Amino acid sequence: MTLHFIAKDPETNGDHCPTVWFDDVAQEFVVQGWKPAAALLAKCLEAGPIPADEAVVRIPARMADALKEALDVAARSAVVR
């Protein structure tokens, strides 16, 4: 696996903050975020169940550039063509 670090939330202290990576072998975006509050999780569950091996996370909109960069890394990946 080649895990490309993209960015951490620039407005946090560098610890325990939302982070974005791209795995170019698995062709997956990897996201660390905040756990949702119960009300938000309940709203998400309206779309269907969340399997035990999946999770809902929140990342701030200010990380849009990091997400765009992750998309660019994916587009440049040799497998995504």
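Everything numeric here is computed off the predicted structure, so don't read it as measured data. (Residues numbered from 1 in each chain as written. Predicted model: local features only at pLDDT ≥ 70, side-chain atom pairs only at ≥ 80, totals over all residues. Heavy atoms only, no water.)

**Side note on the overall build of the protein**
- Looking only at helices and strands, the protein features two helices and three strands.
- Going residue by residue from the N terminus, the α and β elements of the protein occur as β-β-β-α-α.
- Each principal axis of the C-alpha atoms in the protein carries an extent, and together these give about 40 × 30 × 20 Å.
- Element-wise, carbon and sulfur atoms account for 57% of the exposed surface of the protein, whose accessible area totals about 5,700 Å².
- When the 8 positive and 12 negative side-chain charges of the protein are each reduced to one mean point, those points stand 4 Å apart. (Helix = DSSP H or I, 4+ residues; strand = E, 2+ residues; numbered from the N terminus. Areas by Shrake-Rupley, 256 points an atom, 1.4 Å probe, with all protein chains shown as cover. Lys, Arg positive; Asp, Glu negative; His and termini not counted. Charge placed at Lys NZ, Arg CZ, Asp CG, Glu CD.)

**Describing the sheet that holds strand 2 (residues 19–23)**
- Read across the sheet, three strands follow the order 1-2-3 without closing on themselves; strand pairing throughout is antiparallel. Among the strands making up the open sheet, the edge pair consists of strand 1 (3–8) and strand 3 (28–32). When the angles between neighbouring strand axes are averaged without regard to direction, this sheet yields 20°. (Pairing = 2+ DSSP bridges. Axes fitted to C-alpha atoms, helices over the stretch in contact; angles between N-to-C directions.)

**Here we look at the nonpolar core**
- Counting nine residues, the largest nonpolar core is built from Ile6, Ala7, Val20, Phe22, Met63, Ala66, Ala70, Val73 and Ala74.
- Those elements that place two or more of their residues in this core are strand 1, strand 2 and helix 2 (64–76).
- Here the element with the most residues in this core is helix 2; it accounts for four residues.
- Residues within four places of Ala70 in sequence aside, it is in contact with Ile6, Val20, Phe22 and Phe29. (Core = buried A, V, L, I, M, F, W, Y, C linked by side-chain atoms within 4.5 Å. Buried < 20%, exposed > 50% of the residue type's maximum accessible area, 1.4 Å probe, protein only. Contact = heavy atoms within 4.5 Å.)

**Concerning the confidence of the model for the protein**
- This prediction gives the protein a mean pLDDT of 91; 94% of its residues lie at or above 70.
- Across the protein, the secondary-structure element scoring lowest on mean pLDDT is helix 2, at 93, and the one scoring highest is helix 1 (residues 38–45), at 97. (pLDDT = per-residue confidence, 0-100.)

**What to know about the pattern of salt bridges**
- Evaluation of the coordinates by the stated rule reveals three salt bridges.
- We note a salt bridge from Asp9 to Arg62, for which the minimum N-O separation is 2.7 Å. Taken together, the residues span a long stretch of sequence, with Asp9 in the loop between strand 1 and strand 2 and Arg62 in the loop between helix 1 and helix 2 at a distance of 53 residues.
- A relative accessible area of 3% places Asp9 in the buried class.
- With a closest N to O distance of 3.3 Å, Lys43 and Glu46 form a salt bridge. (Salt bridge = Lys/Arg side-chain N within 4 Å of Asp/Glu carboxyl O.)

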